[in-house]
Amino acid sequence: MRRIRVIDSHTGGEPTRVVTDGGPELGAGDLASLRERFRTKFDAFRKAIVCEPRGSDVMVGALLCPPSSPASVAGIIFFNNVGYLGMCGHGTIGVVKTLEYLGRIGPGVHSLDTPVGPVKATLHPDGRVSIANVPSYRYAHDVAVNVPGHGEVRGDIAWGGNWFFLSRATQLPLESKHIPALLTYTSAIKQALVDQGITGEGGAEIDHVELYSKSPNPGVNARNFVLCPGLAYDRSPCGTGTSAKVACLAADQVLAEGETWVQESIIGSRFEARYVREGDRIRPTITGTASVNAEATLLVDSTDPFAWGIG
Ligand code: PYC
């Protein structure tokens, strides 16, 4: 019987499952090479931890690893029901609150290593967490994609730690009663991007689709609906998606350096974002909070036909 210790949290409704013990032994190296080792040699762990029957398509896993740089408190590899993420904003907020829960960190600034570079996290005395994300940028503006059944859809392609296609919500209001239709629509956009060879820089797959609209709520700049790679929608406003959005606002010169942008998710949870310029990119800071809501031991029993997950 294998035992895997996990701590669950949610960030604005989006879950993160941090693996604290019993995960794969990945050895030494930078986080990008450890993620590659995880993917090629230990992918069964990913499915056991986040896929059904223990997890679901909405669960994001975070394997805690030794940091690759001495200044960092931990390394993190994020994964979900279909693969591995470069960065994950809501997940990093969840990891910070988990490290606090474990007594490994207190209020202050902490560096975390990820496969796409180090990120700085500030745990504030009031419990909120700010993530200075990886440098973000808009790669392409007003790109047209022909979406079968929906016609031409236009949007920007931007990097915020993952690749995003960001499009104004014109076909349906961003309201929770429309979630099934929004999933169908954004999944069709994602497939059309693949079919028409529309990619991020260097041919990278655009694995997140973000729709945005105004919010009816005072004090909120925008609402979004984000389709994640495993075809679940983000319950949080999506940290990397908010970073990509802020990169587009900066490129359009409608959000000034240091100004606050309040981003709301389809379920009404909120992040605050601001940015500073770094050369031709921006560095977004995303602020939100997470709550630890479970501490468990996953049991991988060799007599269980679905011990290593479904799918
Ligand atoms: O918060 O960056 C994020 C994220 C990516 C996928 C799910 N959440």
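All of these numbers come straight from a predicted model, not from anything done at the bench. (Residues numbered from 1 in each chain as written. Predicted model: local features only at pLDDT ≥ 70, side-chain atom pairs only at ≥ 80, totals over all residues. Heavy atoms only, no water.)

## Looking at the packing of aromatic side chains
- Under the criterion given, the structure shown has nine aromatic pairs.
- An aromatic cluster is built from Tyr137, Tyr139, Trp159 and Trp163, whose rings are joined through pairwise contacts.
- Between Arg281 and the ring centre of Tyr137, over which it is positioned, the NZ or CZ distance is 3.8 Å. (Phe/Tyr/Trp six-rings, centres within 6.5 Å; stacked < 30°, edge-to-face > 60°. Lys NZ or Arg CZ within 6 Å of the ring centre and 35° of its normal.)

## Things to note about the domain arrangement of the chain
- By domain assignment, the chain separates into domain 1 (2–125 + 292–300) and domain 2 (137–288).
- On a C-alpha basis, the centroid separation for the pair domain 1 and domain 2 is 24 Å.
- Facing the 17 residues of domain 1 at the interface are 17 residues of domain 2.
- Where domain 1 abuts domain 2, roughly 1,200 Å² becomes buried across the two surfaces, and 61% of that area is made up of carbon and sulfur atoms.
- When the area that domain 1 buries against domain 2 is broken down by residue, the three leading residues are Gly12, Glu14 and Ile93, summing to 30%.
- Linking domain 1 with domain 2 are zero salt bridges, by the criterion used here.
- There are six residue pairs in polar contact (both at pLDDT 80 or more) connecting domain 1 and domain 2.
- Looking at the side of domain 1 that touches domain 2 element by element, the count peaks at three residues for helix 3 (residues 89–101).
- Across the side of domain 1 that touches domain 2, the residue classes tally to seven nonpolar, eight polar and two charged. (Domains from an automatic or database assignment. Contact = heavy atoms within 4.5 Å. Buried area = accessible area lost by both parts, 1.4 Å probe. Salt bridge = Lys/Arg side-chain N within 4 Å of Asp/Glu carboxyl O. Polar contact = N/O pair within 3.5 Å; in protein donor to acceptor, adjacent residues only side chain to side chain. Helix = DSSP H or I, 4+ residues; strand = E, 2+ residues; numbered from the N terminus. Nonpolar A, V, L, I, M, F, W, Y, C, P; charged D, E, K, R; others polar.)

## As for the side chain of Glu264
- By secondary structure assignment, the location of Glu264 is in strand 14 (residues 261–264).
- The exposure class of Glu264 is buried, given its relative accessible area of 1%.
- Within the structure, the side chain of Glu264 is placed 2.9 Å from the side chain of Arg223, a separation counted as a polar contact.
- Look past the residues within four positions of Glu264 in its chain and what remains in contact with it is Ser215, Asn217, Val220, Ala222, Arg223, Asn224, Pro237, Ser269 and Arg270. (Buried < 20%, exposed > 50% of the residue type's maximum accessible area, 1.4 Å probe, protein only.)

## A closer look at the pairing of strand 6 (residues 108–114)
- Within strand 6, five of the seven residues are buried, which leaves it mostly tucked inside the rest of the structure.
- Where strand 6 meets strand 7 (residues 117–123), seven bridges bridge the pair, whose relative direction is antiparallel. Across the sheet, residue Gly108 finds its bridge partner in strand 7, namely Leu123.
- Hairpin connection, strand 6 to strand 7: the antiparallel pair is bridged by two residues. (Pairing = 2+ DSSP bridges.)

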